[in-house]
Structure formats: structure tokens, C-alpha cells
Amino acid sequence: MAPKPKEKPKAAASPSQPPPSIEDLFTSLNRHIQRSEFTQAVKVANQVLSAAPGDEDAIRCKVVALIKADKIEEALSAIQSAQKVSFDFSFYKAYCLYRQNKLDEALELLEKQDKTQPSMLLESQILYRLGKMDACVDICRNLQRAKIDSLEINLVAGLVSAGRASEVQGTLEAIKIKATSSFELAYNIACSLIEGNKLKDAEQLLLTARRIGQETLTEENLADDDIENELAPIAVQLAYVHQLLGQTQEAVGSYTDIINRNLADEPSLAVAVNNLIAVKGPKDISDGLRKLDRLKKKDSQKFELAHAIDLKLSPNQKEPIYANRVLLLLHANKMDQARELVSVLPEMFPDSVMPVLLQAAVLVRENKAGKAEEMLGQFAETFPEKSKIILLARAQVAAAGGHPQIAAESLAKVPDIQHMPATVATLVTLKERAGDINGAAAVLDSAIKWWKSAMTEDNQLGVIMREAASFKLKHGKEEEASQLYEELVKSHGDIEALVGLITTVARANVEKAEAYEKQLKPLPGLKGVDVDALEKTSGAKPVDSASRGGLADAQEDGKTKEKPKKKRKRKPRYPKGFDPANPGPPPDPERWLPKRERSSYRPKRKDKRAAQVRGSQGAVVRDKSEPSASATSSNTSNPKSNQTTSSKGASQNAEPSRPQSKSSRKKSRK
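The shown structure was predicted, so the numbers you read here are calculated from the model rather than taken from an experiment.

**Topic: the overall build of the protein chain**
Now for step 1: Across its full length, the protein chain holds 35 helices and zero strands.
Now for step 2: The 670 residues of the protein chain split such that 33% are buried.
Now for step 3: Restricting the contact set of the protein chain to residue pairs at least 6 apart, pairs at least 24 apart contribute 46%.
Now for step 4: Looking at the protein chain as shown, the accessible area adds up to about 45800 Å², and 51% of this sits on carbon and sulfur atoms.

**Regarding a negative patch on the surface**
Now for step 1: A surface patch of negative charge is lined by Glu184, Glu219, Glu220, Asp224, Asp225, Asp226 and Glu230.
Now for step 2: Mapping glutamate 220 onto the fold places it in the loop between helix H12 (199-219) and helix H13 (224-230).

**A few points about the confidence of the model for the protein chain**
Now for step 1: In this model, the protein chain carries an average pLDDT of 81, and 81% of its residues clear a pLDDT of 70 or more.
Now for step 2: Considering only residues more than four positions removed or in separate chains, one finds that residues 1-14, a stretch of pLDDT under 50, has zero contacts.
Now for step 3: Confidence drops under a pLDDT of 50 for residues 623-670, and excluding neighbours within four residues, the segment shows seven contacts in the predicted structure.

**Let's talk about the nonpolar core**
Now for step 1: Of all hydrophobic cores here, the largest spans 49 residues; its most connected members are Leu376, Ile390, Val428 and Ile448.
Now for step 2: With seven residues, helix H26 (residues 437-453) is the single largest residue contributor to this core.
Now for step 3: Setting aside residues no more than four positions away along its own chain, isoleucine 448 makes contact with Leu461, Ile464, Met465, Ala468 and Leu484.
Now for step 4: If you look at the next biggest cluster of nonpolar residues, it comprises 46 residues, including Ala94, Ala106, Met120 and Cys140.

**Remarks on helix H20 (residues 335-348)**
Now for step 1: With 14 residues, H20 should cover 20 Å at 1.5 Å per step; its first-to-last C-alpha distance of 20 Å lies within 8% of that length.
Now for step 2: Every buried residue belonging to H20 is among Met335, Ala338, Leu341, Val342 and Leu345, and all of these are buried. Seen along its axis, H20 keeps its buried residues to an arc of 125 degrees; they face one direction. Facing away from the buried side of H20 by over 90 degrees, the exposed positions are Asp336 and Glu347.
Now for step 3: In this structure, the buried side of H20 is in contact with helix H19 (315-331) and helix H21 (354-365).

**Regarding the environment of lysine 43**
Now for step 1: Relative to the elements of secondary structure, lysine 43 occurs in helix H2 (residues 38-51).
Now for step 2: Judged by its relative accessible area of 46%, lysine 43 falls in the partly exposed class.
Now for step 3: With 19 residues separating them in the primary sequence, lysine 43 and lysine 62 have C-alpha atoms 8.5 Å apart.

**A few points about the pattern of salt bridges**
Close approach of charged atoms allows side chains of opposite charge to pair.
Now for step 1: The tally for this structure, following the rule as stated, stands at 22 salt bridges.
Now for step 2: Aspartate 436 is paired through a salt bridge with lysine 431; the nearest N and O atoms lie 3.9 Å apart.
Now for step 3: The class for lysine 431 is buried, based on a relative accessible area of 15%.
Now for step 4: The partner of lysine 472 in a salt bridge is glutamate 480, and the shortest N-O contact between them spans 3.0 Å.
Now for step 5: Overall, lysine 472 belongs to the buried group, its relative accessible area being 4%.
Now for step 6: With relative accessibility at 34%, the residue glutamate 480 sits in the partly exposed group.

**Section: the packing of H12 against helix H14 (residues 232-244)**
Now for step 1: Put simply, H12 and H14 touch, their axes get as near as 10 Å, and they point 160 degrees apart. By the angle between their directions, the pair H12 and H14 is classed as roughly antiparallel. Crossing of H12 against H14: the hand is left-handed. Contact residues: H12 offers Leu199, Glu203, Leu206, Leu207, Ala209 and Arg210, while H14 offers Ile234, Gln237, Leu238, Val241, His242 and Leu244.
Now for step 2: The class makeup of the residues in the contact of H12 with H14 is eight nonpolar, two polar and two charged.

**Describing the side chain of asparagine 274**
Now for step 1: Mapped onto the secondary structure, asparagine 274 falls in helix H16 (residues 266-280).
Now for step 2: We classify asparagine 274 as buried; its relative accessible area is 9%.
Now for step 3: Of the polar contacts made by the side chain of asparagine 274, one reaches the side chain of asparagine 324; its length is 2.6 Å.

**Concerning helix H7 (residues 117-130)**
The α-helix winds at 3.6 residues per turn, so residues separated by three or four positions along the chain end up facing the same way.
Now for step 1: End to end, H7 covers 20 Å across 14 residues, agreeing with the expected 20 Å (1.5 Å per residue, within 8%).
Now for step 2: Where H7 is concerned, the buried positions are Ser119, Met120, Leu122, Glu123, Ser124, Ile126, Leu127 and Arg129.
Now for step 3: Two residues or fewer after H7 comes glycine 131, characterised by a positive phi angle close to 85 degrees.

**Some details on the packing of aromatic side chains**
Now for step 1: Counted under the stated rule, the structure contains nine aromatic pairs.
Now for step 2: Plain terms: the ring middles of phenylalanine 87 and phenylalanine 89 are 4.7 Å apart, the flat faces sit at 75 degrees to each other, and that makes the pair edge-to-face.
Now for step 3: Given a relative accessible area of 25%, phenylalanine 87 falls into the partly exposed group.
Now for step 4: A relative accessible area of 6% means that phenylalanine 89 is categorised as buried.
Now for step 5: Both rings, one in phenylalanine 303 and one in tyrosine 322, keep their centres 5.5 Å apart while their planes meet at 80 degrees; by these two values the pair is edge-to-face. Of this pair, phenylalanine 303 sits in the loop between helix H17 (285-293) and helix H18 (307-312) while tyrosine 322 sits in helix H19, and the two are 19 residues apart along the sequence.
Now for step 6: A cation sits over an aromatic face here: arginine 60 above phenylalanine 87, 4.8 Å from the ring centre.
Now for step 7: Sitting over the ring of phenylalanine 383, lysine 386 keeps its end group 5.2 Å from the ring centre.

Definitions and limits used
- Think of each chain on its own: its residues are numbered from 1, step by step along the sequence as written.
- Residue-level local features of this predicted model are given only where pLDDT is at least 70; pairs of side-chain atoms are given and counted only at 80 or more, and the full residue set underlies all totals for whole chains, interfaces and linings.
- As a rule here, side-chain values cover all heavy atoms of the structure and leave hydrogens and water aside.
- A run of H or I in DSSP counts as a helix once it spans at least four residues, and a run of E counts as a strand once it spans at least two, with each numbered from the N terminus.
- Relative accessibility thresholds used throughout: buried, under 20% of the residue-type maximum; exposed, over 50%; partly exposed, between the two (1.4 Å probe, protein chains only).
- Any pair of residues with heavy atoms lying within 4.5 Å of one another is described as a contacting pair.
- Reported accessibility uses the Shrake-Rupley method at a 1.4 Å probe radius. Residues are deemed covered only where the shown protein chains occlude them.
- Each patch is built from residues lacking any salt bridge and having more than 30% relative accessible area; the joining distance is 9 Å for like charges and 5 Å for nonpolar side chains (Val, Leu, Ile, Met, Phe, Trp, Tyr).
- Here, a salt bridge means any side-chain nitrogen of Lys or Arg that lies within 4 Å of a carboxyl oxygen of Asp or Glu.
- Here the positive residues are Lys and Arg and the negative ones are Asp and Glu; neither His nor the chain ends is included.
- Lys charges are placed at NZ, Arg charges at CZ, Asp charges at CG and Glu charges at CD.
- For every residue, the predictor states its confidence as a pLDDT score lying anywhere from 0 to 100.
- To qualify as a nonpolar core, a set must consist of buried Ala, Val, Leu, Ile, Met, Phe, Trp, Tyr and Cys residues joined through side-chain atoms within 4.5 Å.
- For a helix, the expected span equals 1.5 Å multiplied by the number of residues minus one.
- Note that the arc is defined by the directions from the helix axis to the C-beta atoms.
- As a rule, the C-alpha atoms of each element are fitted with a line to give its axis, helices using only the stretch in contact, and angles between N-to-C directions run from 0 to 180 degrees.
- Any angle from 65 to 115 degrees is called roughly perpendicular, while one under 35 is roughly parallel, one over 145 is roughly antiparallel, and all others are oblique.
- By definition, turning the near helix anticlockwise from the far helix through less than a right angle yields a left-handed crossing, and turning it clockwise yields a right-handed one.
- As a working rule, the residues Ala, Val, Leu, Ile, Met, Phe, Trp, Tyr, Cys and Pro are called nonpolar, Asp, Glu, Lys and Arg charged, and the rest polar, with Gly in that last group.
- Any pair of nitrogen or oxygen atoms within 3.5 Å is treated as a polar contact; in protein, a donor-acceptor pairing is required on top of that, and neighbouring residues in sequence qualify only through side-chain atoms on both sides.
- Each Phe, Tyr or Trp ring (for Trp, its six-membered ring) is paired with any other whose centre lies within 6.5 Å, and the angle between the two planes then decides the class: stacked below 30 degrees, edge-to-face above 60, tilted in between.
- Think of it as a cone above the ring: NZ of Lys or CZ of Arg counts as a charge over the ring if it is within 6 Å of the ring centre and within 35 degrees of the ring normal.

So, in C-alpha cells, the structure goes:
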């Protein structure tokens, strides 16, 4: 074997070689940042800080590079270690807190800073995330003069989320920007059209946004999967428009395709899952719960949205997801999970009434309607500005629970719907069911008074007066009913009211009834009828429709048809020896089933004696399955005994086939 060559000794670093200068390090740092090599930039910044501790520019470059590299915790640590530096890192700290979804802390930091463009932009983003849309819009409007790129996208998004979609078109005209200048802006304007119920226009604009997005992102050399990921919100919104247009099958197909392909970003996937569950309802509960489980944190036992979803979705978008989760759990009868989830919702959505409504739903599901009514009543008294939907829910719970008086009281506390015909009818029915006839009449009188003074095109006075007269006539208040009918006849000339007036007045004042009767138009064909002779007759005899038809046919043909022969009723034939007076015990209902499937079937016991040893002492006992010459010879000599033995063995060893269990059938379906 040839000897290995000796390794050349490495040259020792020259002690006289100077370290790189600060200028060279900053040049290298700038080059890494320009190339988006943020990890290398952090290393070079550390070299600068080792040579020049406390250098403000190096610390700032390090913090920005860590933020760009999504190392938020390390960036906060670097800011914390730079407290002795005169430079104020509050803006960078606020941004890091914003990235960590610590929005209140970030906003508190920004409020102490001077109002610069970057700080105002960050503040608008935080306010948008917190759901304070009006404040977000105000900041965006103040920044319009600064001519910041893509500011109009944030402005339109804020207007739509604030419920001010009607201002979008005027805002675009004021800043002179086209709707199709970018696919993000086109998407946001389409959302404003959806809010304005202009669904067809929204659909066309979303298709345009998708086309512009594909062209723009293709020019940026993005991969097909990345393009689909970027355009996923547009696909979800298109499916939502189809859902609103009543194209349910197309919407379900789009949602399912987005979920199954799993190419959408997490917030868009969450919206698609929620909308699909909303479309299907309680049809497939287990599938809906499984889909929602995809949205929660992986290591969490409770239902909490994943960090990326929780970070991107607004409170108005997250609330329906949690609400649908609770409703599915109620349909699945998983009361413990529903109760646990509902208990944390008031803290998550403090400004919403949905958690209270869901708590009431859980109580009703547990047959605690009285407790639900009490809880809703207390909330309505504590928060009167949010009481309308709470009172309506309380009325529904009370009506379903058999408490009409509580339901009527709850409805009566909603002032802006008291005059509506549907509300009036519901209140009258509830009070009538509770035995409060005078209270029901007072509701009708109040509604009539309101509609008499109302200046609306769609006046419902005639309808309510007619129903009020009918109600009062039903409960023995003929005088009040006649007054209402008379007023209807004079003001509207209503024929039905005239008939009701005549019927009502005839009970007390016949002359007045006859006077009003003259206003009725005569019926054609009644002039030749002698009323006196008609009263003396015993009345018309009822005639069957079949005989009437037959008589008419006979008159037309000039022939009389013979009456159909009646079929003779035959006595039932009984089996021999059967006495219908004493039929005896009823026949066995299981007589058509095989014996093995009858409830009275009991399998035969195995013969234990077959296992006993036969033969003389010391004889060798062979296994049944082991072949032997003697057995063969005995079988051939006595075929009859062989036949009986084999049949007996088959009956003992064979097990009856059992039906497949439900659980295994479910598994086979999966």
C-alpha cells in the first residue's frame, strides 16, 4: 500500500491582518439587505455591533432585518437590549406587537408617538383589525394628500367594513381612480356592490378582478399554485355571490373544490368552510364539525382558531365561525362542548349580542326556557341600545315555552315595530291566548290610531280596521265592531265591510241594516225568484254528484240510463273448524320469519359427552382432524354411519353467519 502524502500545514492567520473596517461591514450589510438576504444581514449587523457597540444604524438594520425574516421575538429582544440608545424604537416595537396580534398594546404605544405617515398607516391597520372601522376610515382620508401607493385599497376596505358601502363610488370619483386599476381594488369594490345588493354587477367585477390578477401575477413570474393562492379570496367571494343569487349547487361545488384542493390561504379557507356549513345547515353535522376542526389550533383541546386565521380575520368574520360551531354541537347533542364554547364567547366578542343568543339557545336545548327568558330580560334592561333582537328572541322563547304573557310583554317593548301588521297580529294572538281580551283590543286600537296619522304610500289602515272589527265582533263587542265597519264603508267603500256592517247592525237595529242593505248591488238572476214561495218549501234535497252527472248526460242524450247493479256482499270464508265468535289466541306475528331469527329461538346445546374417552384403558385417542387407517377402513365399511357422523360434526362446528354491525358498515363507507 502506497504511503499517504503528508498534509501541508495550514498557514496561521497573520496576527497583523486587520479586521474589516466599519465602512466595509456597512457596505456588506447594505448589499445583503438589497438582496433580501436578511439572515446574513443580521450576522453582519452583529459584527458591526461587536466592533462598535451601541451603533444606532446597526441596531436599526438588525431590527428591520429580523422583522423581515419573520423573527418577531428576536426583534423585540433586540429592541429591549437597545434601551440605552437615544434612538426611539417605539414604532418598531408597536409593529412587532401588531404582528403578534397584541393590538391594544401596539395602539397604546402609537398614541404616544408623533403622527407621521408610517405611524398613521400602522394605526389604521390596527384599528381595522380591532373592528373600529370609522376611525380607520378617518385616518385613511387624512392620508389621501400624501399620495401613498395602494392607500385607496385600504380606504375602500374600511368603508365596506364600516357599513358605508354607498360612499365608495363617490370616494373613487373624488380621488379619480378606476375600479380596475388593480385586482385588489376591484375585489374591494365588488364587496361594496354585494353590500348594496347589486349582485350581478359584483359577479362581473369579480370575474374582471380574477382576470387582472392572473395577468399581473403571471408577469411577476409566480408559480401556478401561488397564483391560485393569491386569488383564493376572489374565488370564495364568487361562490358567495352565487349563494346569494340562489345558485346553491354551484356555490356548494365551488366551496367544496376550494376546500378539497387546499390551495387557498388559511383565512379564505376558513370563510369557505363557514359558508359551506351555512348552506348545508344541519344536513351533515359530523362532516361540518370535521371541517371546522381543520381551522383550530393543532395542539389545543378546545376550539380555538389557528394563529394565522385569528390574525387575518376581523371579529365580524370570526364570530359566525364560532356561532356555527355552537349550533352544530347543539344539533349533534354534544351539550358539554357547546356549553364550554359558549362560556368564552362573551369575552371574545364583548360588543356583540350573538354570545347571549347562543347561551339562550343552549339553555332552551337543555329544557331551561325559563332561565333563558330571565337571562335575555336582564340583558335587555342592562343594554337597552342592543335590546331589540334580544327582546324578539325572548318573545320567541316564551311563546314556544307556553308563556304568552311574557312573549307579549317582550314584543311590546320594541317600539318601532308596534304598528306593523305582523306584529299586531302576533300581539293580539298572544294576548288572546293569555286571556287578556281587553289588552288585545287595545293593541288593535293603538295600531288604528297610528295608521290614521301615518303619511305612507303603503297604508295598512283598512286591513287593520277590518281585522279589529272582526275580532271585536267575535268577542261580543258589536257596537265597536259596527262603528269600525261603518267607518270603513264611508272612507273606503269596502264591500266586505258593508256586509259585515249589515250583519252586525241587524242584531240590534233592523231598520238601519235594511238601509245599508240597499247599498248592496243586486245579484243577477234573482228577479224572477218568489221569496215567499221559496220560504214555504222544505228546502232542496241533496243530490249526489254522480247522480247529477248521470241525469245531465241522460237529458243531453234524451235517454234514461239504467241504474248500476249493486254488488252482492258475500260472507267471508273461514278455515275448517274456525269459529269467528271464539277465534282463540292470535297467530304468532313471527310465523313468517326463519326459526333462527325469531325471538323465541334458543340454539341447541352441544353434546358434552362427545368429548369423553371411549375404549379400553390405555387406548390412544386421536384428534378428529388426524387421519387414520382404521377410521378410513371403518368409514368405507359402514357408509351409513359415516354419513351421520359427518353431518353431526358439521352442525357442531359451523357457526351461523351474523349480520354486519353498524360500526363496520360505517367504516366500509368511509
